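Chain by chain, the residues:
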Amino acid sequence: MRASTPHGRRRNNNQVELQHPGHGEEEGGIGGSMADTGGRPEVSLATVRSPGHPAASTTAAAAADLGHADTGQEKPTVESAQPANGAAPMGECGTEYRGLPDGDAGGPMPSSARTVSMIPLIFLIFYEVSGGPFGIEDSVGAAGPLLAIIGFLVLPVIWSIPEALITAELGAMFPENGGYVVWVASALGPYWGFQQGWMKWLSGVIDNALYPVLFLDYLKSGVPALGGGAPRAFAVVGLTAVLTLLNYRGLTVVGWVAICLGVFSLLPFFVMGLIALPKLRPARWLVIDLHNVDWNLYLNTLFWNLNYWDSISTLAGEVKNPGKTLPKALFYAVIFVVVAYLYPLLAGTGAVPLDRGQWTDGYFADIAKLLGGAWLMWWVQSAAALSNMGMFVAEMSSDSYQLLGMAERGMLPSFFAARSRYGTPLAGILFSASGVLLLSMMSFQEIVAAENFLYCFGMLLEFVAFILHRVRRPDAARPYRVPLGTAGCVAMLVPPTALIAVVLALSTLKVAVVSLGAVAMGLVLQPALRFVEKKRWLRFSVNPDLPEIGVIRPPAAPDEPLVP
C-alpha cells in the first residue's frame, strides 16, 4: 500500500570528502556526534563542500537568517556561521534538515531525470493505500453493514485526510527518496530517523506479504489446490519472483502498469454495482448488533485499508515537479480510494441477504456470482489477482527506494544506494523480496495486526516531526502548506493519535510481543551499524547531490492550495 538515472558517490572539483584523520577514503555518516570514535569529525546528515562551491556563501547567510528568525538572537556573520573550509560548524545542524530543495530543481536528481508524472503517481498512491475493495470484507464480518459503511466514511476524515495533508506538506518540502525518514531525522535527529526507517520498512514488507495471501485466497475457490500445502508455497515463491522482476525493470514501467491494473481491477465492481441496483434494499445497510462486534478485527481492517498515504514520500525523488504534483495527486487519490471502497460495499451489502459468517477476504467474488453469474465471479477474481500484483509492485517500490534514500543519507551501507541499469535500487528490491517470502506464510489477520502495530509507532514519530517543523521553522520554504496554524495542526492530529492508542490497546499479546521485539531490534541495529562504520567493515557515504544541512533556499513558488 509504493527509472531514473543511477546515482553514485560522485566527485568534482567543488566537492571535498569527509575523511578520518590519517585516512584518504570518503566517509558518510549514520549521524550524530562521532567524538567517541577516536577523534573522528562529527558527521550529521550533510555533505561538505569546498569554499569554491557557489552554495558556500549563500548557504551560510541563509542559515544565519534562519537562526535569527527562529531564536530572536543577533544574527551571526557569514564567517561565524560557516568556517573557511566550507564545512558546517561542529556540533551544529545535527538535528535539523535545512536543505529545502527548490521544487522541481532540488533534491538528488535533476528534473530531467525525474520520471513519474501526475496520472501514474495517483495510481501509485492508490495502490500504496488501497488497490480496490479487496480485503475490506472482514469489516462487515466483524461489525455488520452499518458500522462498516460508517467506518469507511468517518475514518478517512479522522485518519486518511490528516495523513495525506502531512505527506503533501513534508513530501513537497523534502522531495527525496528518504521520505519520512528524512522528515524525522531533520526534526529529531538521525538516530530517530533510522528508527523511523526501520519500523516503516518492516511494516511495509509485512504489508507486502499480504498480497500473495490475498491473491491465492481469491483463486482458491476456482483452484482448490492453492488453498494450502506445496502448491500454495510454490505459487507464493513464483508470484514474488515475477513481481520482483517487474520492479527491477523500472519505476516508469511500474507506474503505467499500475494505471492499467487499476482500470481493469475496478471495472467489474462498476458492473456489479449496476447489476445490483434493482436488487438494493437500503434497510440492509442499517443492520447493526453492538453486542456482536469484533472491535479488534474491525478497526484493524479499516486502519489497514485507509493508511500508508505517506509511503509515496519515499518516491518523491523520482517525481516530476514534486512541490506541485505530489499534493494534487494526494488530493485526487483520497477521493479515488474512498469511492472505490464505498461503491462495492453499498452494492454488496444492499443487494445480498446478510450472512456475516461469509464476509471474509475473497467474498466479493461470491457476491459477484450471486448477482451476475460465474462470468462476473471470474472477472472479480481476475481483477483481484491483478490488483494484488499492482499493490505488490507499488509497495515494493516504496520499500526499496526508502532503503536507497537512507543509504544516500549515510544511514545504511553504500551498496543500498547502487542502482541497476534500469535505475532501480537492486539491493533494496532483493532485501524487500526476501522479507516478503519469510512473512507470507502468516495468516491474513496476523499480518494485518502486526504491520498496523509497527505502523502506529512510525506515525507517532511523523506527527511529532510535523509539529516540530511548524514550531521551529514556521518561515521555511514550503511548496505546499497545510492551511492551518500550529494550533490547528495539533488539533488535527488529536483524533489520529487517539485512534493509534485504540489500535495498539486492542492488539493481542502475541502481536504486541512480536512487534515490540522488532522495535527493539531497531534500537540496537543503529548503534551496530555505527560500529560497523567505525571499524570500516562496510562503506557508508552521503550523496553529494542532496542539499546540505544548514541551507535555506527560497521557495520555488508561493504556497498553493491543495485543490487545483
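Since the structure is predicted, the reported quantities are computational estimates derived from the model, not experimental observations. Starting afresh in each chain, residues are numbered from 1 along the sequence in its written order. In keeping with the model being predicted, local features are shown solely for residues with a pLDDT of at least 70 and side-chain atom pairs are shown and tallied solely at 80 or more, while totals for entire chains, interfaces and linings include all residues. The basis for the side-chain values is all heavy atoms of the structure; hydrogens and waters are excluded.

A. Region of interest: the overall build of the protein. Of the regular secondary structure elements, the protein holds 18 helices and 0 strands. Of all 564 residues assigned to the protein, the portion counted as buried reaches 58%. Only the protein chains shown count as cover for residues, and the accessible areas themselves come from Shrake-Rupley with a 1.4 Å probe. Roughly 20600 Å² of accessible area belongs to the protein as shown, and the carbon and sulfur atoms make up 68% of that amount. Secondary structure elements follow DSSP: runs of H or I of four or more residues count as helices, runs of E of two or more count as strands, with numbering from the N terminus. When a residue's accessible area, from a 1.4 Å probe over protein chains only, is under 20% of the maximum for its type it is buried; when over 50% it is exposed; and in between it is partly exposed.

B. Quick peek at the nonpolar core. One finds Ile 125, Trp 159 and Phe 466 to be the most contacted residues of the largest nonpolar core, which totals 138 residues. Here this core gets 15 residues from one element, more than from any other, and that element is helix H14 (residues 374-408). Note on definitions: a residue-residue contact is assigned when non-hydrogen atoms from the two residues lie within 4.5 Å. Non-local contacts of Ile 125, meaning those with residues more than four positions away in its chain, are made with Trp 309, Ile 312, Ala 329, Leu 330 and Ala 333. Think of a nonpolar core as a cluster: buried Ala, Val, Leu, Ile, Met, Phe, Trp, Tyr and Cys residues, connected wherever their side-chain atoms sit within 4.5 Å.

C. Representation of a nonpolar patch on the surface within the structure. A cluster of nonpolar side chains, contributed by Phe 270, Leu 274, Leu 277, Ile 335, Val 339 and Tyr 343, occupies part of the molecular surface with about 570 Å² of accessible area. When residues of the nonpolar patch are traced back to their parent elements, those giving at least two are helix H10 (251-276) and helix H12 (322-351). Mapped onto the fold, Val 339 is located in helix H12. Residues forming no salt bridge and having over 30% relative accessible area are the ones grouped into patches, like charges within 9 Å of each other and nonpolar side chains (Val, Leu, Ile, Met, Phe, Trp, Tyr) within 5 Å. Here a salt bridge means any side-chain nitrogen of Lys or Arg lying within 4 Å of a carboxyl oxygen belonging to Asp or Glu.

D. Just the confidence of the model for the protein, in detail. Scored between 0 and 100, pLDDT is the confidence that the predictor attaches to each residue. Looking at the protein, pLDDT values average 77 and 74% of them are 70 or higher. Confidence over residues 1-108 falls short of pLDDT 50; this stretch has 270 contacts with residues more than four positions distant or in other chains. Counting contacts from residues 549-564, a segment whose pLDDT is below 50, to residues more than four positions away or on other chains yields 47 contacts.

E. Quick look at the pattern of salt bridges. Per the stated rule, a full pass over the model turns up 6 salt bridges. Residues Lys 200 and Asp 310 are paired through a salt bridge, measuring 2.2 Å at the closest nitrogen-oxygen approach. Taken together, the residues Lys 200 in helix H7 (residues 190-208) and Asp 310 in the loop between helix H11 (295-305) and H12 connect sequence positions 110 residues apart. A relative accessible area of 0% means that Asp 310 is categorised as buried. Close ionic contact of Lys 200 with Glu 462 constitutes a salt bridge, the shortest N to O distance being 2.6 Å. On the criterion of sequence distance, the pair formed by Lys 200 in helix H7 and Glu 462 in helix H16 (residues 444-472) is long-range, its members being 262 residues apart. When salt bridges that share partners are traced, they join Glu 169, Arg 470 and Arg 478 into one network.

F. View of the packing of aromatic side chains. In this scheme Phe, Tyr and Trp rings, the latter by its six-membered ring, pair at centre separations within 6.5 Å, and the angle between planes marks the pair as stacked below 30 degrees, edge-to-face above 60, and tilted otherwise. Applying the stated criterion to the full structure yields 25 aromatic pairs. Where Tyr 191 meets Trp 192, the ring centres are 5.4 Å apart and the plane angle is 90 degrees; that geometry is what we call edge-to-face. Residue Trp 192 is classed as partly exposed on the basis of its relative accessible area of 38%. Members of the aromatic cluster, each reached through a chain of ring pairs, are Phe 134, Phe 269, Trp 359, Tyr 363 and Phe 364. As a reminder, the over-ring test applies to NZ of lysine and CZ of arginine, requiring each to be within 6 Å of the ring centre and within 35 degrees of the ring normal. Here the basic side chain of Lys 200 rests over the ring of Tyr 180, its NZ or CZ set 4.2 Å away from the ring centre.

G. Representation of the side chain of Glu 137. With respect to the helices and strands, Glu 137 occurs in helix H4 (residues 137-143). The exposure class assigned to Glu 137 is buried, which follows from its relative accessible area of 0%. Pairs of N or O atoms are called polar contacts if they sit within 3.5 Å, as long as, within protein, a hydrogen donor faces a hydrogen acceptor (for residues adjacent in sequence, only side-chain-to-side-chain pairs). Within the structure, the side chain of Glu 137 is placed 2.9 Å from the backbone nitrogen of Gly 135, a separation counted as a polar contact. One polar contact links the side chain of Glu 137 to the main-chain amide nitrogen of Tyr 363, over a distance of 3.4 Å.

H. Spatial organisation of the environment of Gly 141. Here Gly 141 shows up in helix H4. With relative accessibility at 23%, the residue Gly 141 sits in the partly exposed group. On a C-alpha basis, the gap between Gly 141 and Leu 354 in space is 9.6 Å, while along the polypeptide they are 213 residues apart. The contact partners of Gly 141, leaving out residues within four places of it in the chain, are Arg 356 and Trp 359.

I. Molecular detail of the packing of helix H9 (residues 229-248) against helix H15 (residues 426-439). Between H9 and H15, the shortest axis-to-axis distance is 10 Å and the interhelical angle comes to 160 degrees. Classified by the angle their axes make, H9 and H15 are roughly antiparallel. Along this stretch, H9 crosses H15, giving a crossing that reads as right-handed. Residues Val 236, Val 237, Thr 240, Thr 244, Asn 247 and Tyr 248 of H9 form the contact with H15, whose participating residues are Leu 426, Ile 429, Ala 433, Val 436 and Leu 437. Residues are grouped as follows: Ala, Val, Leu, Ile, Met, Phe, Trp, Tyr, Cys and Pro are nonpolar; Asp, Glu, Lys and Arg are charged; every other residue, Gly included, is polar. A per-class count over the contact of H9 with H15 returns 8 nonpolar, 3 polar and no charged. Axes, fitted as lines to C-alpha atoms, cover a helix only where it is in contact. Angles between the N-to-C directions of the axes lie from 0 to 180 degrees. Here roughly perpendicular refers to angles of 65 to 115 degrees, roughly parallel to angles under 35, roughly antiparallel to angles over 145, and oblique to all remaining angles. Definitions for this section: a left-handed crossing has its near helix turned counterclockwise from the far helix by less than a right angle. A right-handed crossing has that turn clockwise.

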